[in-house]
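# Architecture at a glance
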Amino acid sequence: MLVKDIMTPIGISLRPDQPAQEAWRLIKQHKVAGLPVLNSEEKIIGLITRDDIIEWGPKVFMETTAAADIMQSPVHTIGEDDSPTDVWTLHGQVFPVVNQDCRFSGLLEKDKVGSELLNKASWILLQVDTILDSVNNGIIAINNDGEIRLYNQAAQKITRRSKNYAMGRHLSEVIIPQGLLDILKDGKSRKDYKLSITYTKGNRIYLTNRSPIYENGQIVGAVAIFQDISEVELISQELNSVKQLNKKLELIIESSYDGIIITNAQGLIIKANQAHERITGIPSSQIHDRNMNYLIEKKVYAHSIVKAVLQAGEPVTVVEKDHFLITGSPVRNHDGEIERIVVNIRDLTELNELREQLEQTKELSERYQDELNQLRGRLLNQQGLIFNSPKMRELLQAAIRLAIVDTTVLILGESGVGKEVFARTIHNNSKRKNGPFITVNCGAIPENLLESEMFGYERGAFTGANREGKAGMFELANNGTLFLDEIGDLPTGFQVKLLRAIQEREVLRVGGSKPKPVNVRILAATNRDLETMVREGQFREDLYFRINVVPLNICSLRERKEDIIPLAYAFKHKYEEQYGIRKKINPRVFDAFLHYHWPGNVRELDNMIERLMVTITDDEITVSHLPAHVFENLEHQQPEVYVKGIMPLKSAVMEVERQLISAAIKECGSANRAARALKVDQSTIVRKISRLKSCGLAISES
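Let me sum up the structure you'll find in this document.

Rules behind the numbers
- Residues numbered from 1 in each chain as written.
- Predicted model: local features only at pLDDT ≥ 70, side-chain atom pairs only at ≥ 80, totals over all residues.
- Heavy atoms only, no water.
- Helix = DSSP H or I, 4+ residues; strand = E, 2+ residues; numbered from the N terminus.
- Buried < 20%, exposed > 50% of the residue type's maximum accessible area, 1.4 Å probe, protein only.
- Contact = heavy atoms within 4.5 Å.
- Areas by Shrake-Rupley, 256 points an atom, 1.4 Å probe, with all protein chains shown as cover.
- Pairing = 2+ DSSP bridges.
- Polar contact = N/O pair within 3.5 Å; in protein donor to acceptor, adjacent residues only side chain to side chain.
- Axes fitted to C-alpha atoms, helices over the stretch in contact; angles between N-to-C directions.
- Parallel < 35°, antiparallel > 145°, perpendicular 65-115°, else oblique.
- Left-handed = near helix turned anticlockwise from the far one by under 90°.
- Core = buried A, V, L, I, M, F, W, Y, C linked by side-chain atoms within 4.5 Å.
- Salt bridge = Lys/Arg side-chain N within 4 Å of Asp/Glu carboxyl O.
- Expected span 1.5 Å × (residues − 1).
- Phe/Tyr/Trp six-rings, centres within 6.5 Å; stacked < 30°, edge-to-face > 60°.
- Lys NZ or Arg CZ within 6 Å of the ring centre and 35° of its normal.

### Observations regarding the overall build of the protein chain
When helices and strands are counted, the protein chain shows 29 helices and 27 strands. Split into buried and exposed, the 702 residues of the protein chain put 41% on the buried side. Relative to all contacts within the protein chain whose residues are 6 or more apart in sequence, the contacts with residues 24 or more apart total 56%. Total accessible area computed for the protein chain in this model is approximately 39,700 Å², and 49% of it derives from carbon and sulfur atoms.

### Observations regarding the pairing of strand 21 (residues 480-485)
Of all the six residues making up strand 21, six are buried; the element is thus mostly covered by neighbouring parts of the structure. Strand direction decides the pairing type here: strand 21 and strand 24 (residues 520-526), joined by five bridges, are parallel. Residue T481 lies in a different strand from strand 24, and its bridge partner there is R521.

### Brief notes about the side chain of N586
Inspection of the secondary structure assignment puts N586 in the loop between strand 26 (584-585) and helix 24 (587-595). Once residues lying within four places of it in the same chain are set aside, the contact partners of N586 are E620, I621 and T622.

### Details of helix 24
Burial in helix 24 covers these residues: V589, F590, A592, F593 and H595. A side-chain oxygen of the first residue of helix 24 lies 2.9 Å from the backbone nitrogen of R588; this N-cap is N586.

### Regarding the packing of helix 27 (residues 649-668) against helix 29 (residues 682-694)
Following both chains from N to C, one finds helix 27 and helix 29 inclined at 125°, their axes separated by 11 Å at the closest point. By the angle class used here, helix 27 and helix 29 are oblique. Read as a crossing pair, helix 27 and helix 29 show a hand that is left-handed. Of the residues in helix 29, those touching helix 27 at M654, E657, R658, I661 and I665 are I685, K688, I689, R691 and L692.

### Examining the nonpolar core
In this structure, M454, F474, L482, L484, L498, F539 and I547 are the most contacted members of the largest nonpolar core, which totals 33 residues. Broken down by element, the residue count for this core peaks at five residues, all from helix 20 (residues 492-504). Leave out the neighbours within four places in its chain, and M454 touches V440, G472, M473, F474, L484, F494 and L498. With 26 residues, the next largest nonpolar core counts L557, M613, I621 and V623 among its residues.

### Topic: the pattern of salt bridges
On inspection of all chains with the given rule, the structure shows 23 salt bridges. Between E576 and K572 there is a salt bridge, and its shortest N-O distance comes to 2.8 Å. A residue pair is termed a helical-turn pair when its members lie 3 or 4 positions apart in one helix, as E576 and K572 do in helix 23 (residues 564-579) at four residues. With respect to burial, E576 and K572 carry one shared label: buried. A salt bridge links E657 to K688; the nearest nitrogen and oxygen atoms lie 3.0 Å apart. Highlighted residues: E657 in helix 27 and K688 in helix 29, separated in sequence by 31 residues. Judged by relative accessible area, K688 falls into the partly exposed class, the value being 23%. Each member of the salt-bridge network shares a partner with another, and the members are E458, E475, R509 and K516.

### Looking at the sheet that holds strand 17 (residues 409-412)
What the five strands build is an open sheet, ordered 18-21-24-17-25; its pairing is parallel. Strands at the two margins of the open sheet, each flanked by one partner only, are strand 18 (437-441) and strand 25 (550-553). The average angle at which neighbouring strand axes cross in this sheet is 20°, direction not considered. This element, helix 16 (residues 390-404), spans strand 17, strand 24 and strand 25 of the sheet and lies at about 150° to strand 25.

### Details of unusual backbone geometry
Cis geometry is adopted by the peptide bond preceding P74, which originates at S73 and carries an omega value of -5°. Structurally, P74 is set in the loop between helix 4 (67-70) and strand 4 (78-79). The phi dihedral of N216 falls on the positive side, at around 55°, and the residue is not glycine. Tracing the sequence through the fold places N216 in the loop between strand 10 (202-215) and strand 11 (218-228). What makes N216 exposed here is its relative accessible area of 76%. Phi at R505 is positive, roughly 55°, even though this residue is not glycine. Looking at the secondary structure, you find R505 in the loop between helix 20 and strand 22 (506-507).

### Here's the deal with helix 27
Over its 20 residues, helix 27 extends 28 Å from the first C-alpha to the last, a length consistent with the 28 Å expected when each residue adds 1.5 Å. A652, M654, E657, I661, S662, A664 and I665 are the residues of helix 27 that are buried. Taken together, the buried residues of helix 27 touch helix 28 (671-677) and helix 29.

### What to know about the packing of aromatic side chains
Enumeration according to the criterion identifies nine aromatic pairs in this entry. Their ring planes at 45° and their centres at 5.7 Å tell us that F455 and F474 sit as a pair that is tilted. Here the residue F455 occupies a position in helix 18 (residues 450-455), and F474 occupies one in helix 19 (residues 473-476), the gap between them amounting to 19 residues. Of the two residues, F455 and F474, neither departs from the other in class, the shared state being buried. Site record: aromatic cluster; members linked through ring pairs are Y569, F590, F593, Y596 and W598. Over the aromatic face of Y165 sits the side chain of R169, whose NZ or CZ is 3.9 Å from the ring centroid. Directly above the aromatic system of Y294 lies the positively charged group of R290, at a separation of 4.3 Å from the ring centroid.

### Here we look at the environment of G416
Tracing the sequence through the fold places G416 in the loop between strand 17 and helix 17 (419-428). Placed 189 residues apart in sequence, G416 and L605 show a C-alpha to C-alpha distance of 9.3 Å. Ignoring sequence-local partners within four residues, the contact set of G416 consists of G600, N601, V602 and R603.

### Considering the side chain of N388
Structurally, N388 is set in the loop between strand 16 (338-347) and helix 16. For N388, the side chain forms a polar contact with the main-chain oxygen of G168, separated by 3.1 Å. Contact partners of N388, with chain neighbours within four places excluded, come to E147, R149, G168, R393, E562, D563 and P566.

And the structure:
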């Protein structure tokens with residue numbers, strides 16, 4: 001696909017001296033995104049787009065405004081044979097297209113390029129999915145957090161888990177990991193591992209190859225390929241049986257006192273036993289691979305028993321030299337054709353019939369497939385951000401889009417949700433990423449030091465000041481990003497000074513007389529309700545509207561529970577590397593995490609994992625190690641009984657009774673109503689309350 005395939009051909013253009021309103025008329029008439037401006041030599045010197053005209057506003061329709069006044073110049077042109085992929089990296093939304101003669105031939109809108117590239121990428125991904133789903137081998141790929149990122153139809157059939165259920169879940173929630181998670185740790189491939197799975201209809205045997213997935217030299221995941229080798233194993237067992245049968249037949253043939261010769265349909269000798277050598281005096285090695293006619297020429301036999309059998313199509317017995325009783329028996333294949341002839345030679349005085357059956361050995365069919373090419377990883381992989389929920393994916397996509405422009409962003413959310421992480425993500429993906437990223441905690445600086453800390457001060461500005469003066473946060477963040485955390489804690493007296501610095505893009509040091517220009521992008525964050533503060537006069541309205549250009553509301557951890565387990569694993573891995581310790585996390589711990597309300601959000605989860613990793617001495621973190629407050633709200637969130645750890649059965653029963661009675665009294669308001677709700681007599685409730693209190697288990701009635 002080339003630029004000429006998706007561009008909009010157009011033959012009109014503008015001259016620099018044409019009225020600007022004529023440009024608007026032509027753009028509107030021809031329904032195009034813009035028009036190029038050509039000089040007298042038909043060279044493109046500028047471009048006027050719909051957005052340019054809208055930005056200029058009423059001035060466009062003034063008679064004195066010419067096309068040259070509002071055009072973009074210089075302008076980047078693209079060739080008809082250029083690749084749309086290259087165009088996507090250019091700045092701008094509309095580009096003039098030139099032909100091989102460098103003459104204007106049309107326009108290309110960047111939105112159309114994006115749409116075409118997206119369609120192409122979608123088609124490629126669809127083809128990849130189709131290919132993976134068409135193979136008979138099960139394929140499961142996980143990322144560094146153990147989450148399933150690839151899961152084909154064959155894997156569904158093997159694991160009996162649907163793709164919709166498996167995708168995005170941790171591997172341990174879908175199948176028994178079978179060592180795939182170990183690949184993430186040591187990066188070593190494991191091949192030819194046999195796995196037996198029992199189904200209701202019997203056992204199936206699978207051969208697995210597990211390998212790490214590398215990206216830029218780093219392990220980003222692991223892939224396992226499962227191949228059902230149940231039939232191959234059956235064939236292998238049959239082959240072993242055939243081999244054992246062949247050995248037994250060899251022993252039988254060699255142990256026979258009768259001479260035995262085996263030939264093919266052409267009379268070529270395949271096998272002759274030691275008894276034949278004893279009877280005829282001719283070594284078996286001498287007649288191997290020779291025709292039976294050789295023995296006739298040597299006058300060992302007078303007639304060809306092979307020829308007689310082929311003609312009769314059935315066993316033939318002849319007597320030669322008065323002392324040889326020769327029996328030739330045909331061996332047929334599945335098509336009924338004679339494939340082998342067994343010749344038995346014995347002395348007339350000793351007659352034993354030997355019946356044999358030979359079976360053609362089956363060869364193993366195919367070799368096992370090697371590992372497949374790795375697919376693209378996550379849609380977005382930003383340092384410091386771990387997520388699995390659609391909400392966070394949408395927020396991150398929005399943050400990436402905001403990073404491209406220099407607009408002010410107000411990041412909202414509860415304490416501990418990761419507002420600074422999002423701020424860093426915006427900075428790291430912006431054109432200012434090579435500049436400084438300065439964080440200021442507005443609530444941690446004393447009011448009397450705010451101005452000097454934010455704007456700096458000159459030499460001798462006040463007693464105790466640095467002799468050389470000091471640059472403020474705005475100057476330190478020049479050509480970079482200034483992140484104003486907890487901006488809602490700023491005193492109202494300083495807010496007007498901050499507003500002026502943001503609007504004028506300059507700061508005046510304390511004790512200074514000349515403002516200093518600064519080029520800073522402002523990112524702000526707070527966990528407070530600024531709208532309410534504005535109504536109550538605690539936050540300036542003009543500053544609020546200045547920083548709230550684009551709000552980005554980070555949802556709390558309890559609103560995106562899909563992220564809890566991946567985050568827990570990430571923090572666990574971080575502290576394993578930091579402290580050199582290894583712990584397992586019991587699945588019931590994750591169950592408790594999913595029911596907890598996390599008032600401290602991600603920061604609380606991080607702290608809890610670190611505390612559990614460094615304080616417990618066991619190799620596995622269980623629910624018995626969790627702090628008590630994790631379980632305080634469980635009785636309101638789930639109707640089933642939740643047991644924190646191992647305890648005497650009698651104590652457990654009393655604890656359940658205490659919780660049920662307390663909850664019933666709280667909800668119903670009295671012991672009498674609680675008894676009706678619990679479907680027992682009031683006397684039973686009173687008696688149980690008394691017994692519980694005597695055992696030191698208080699009943700909460702409020």
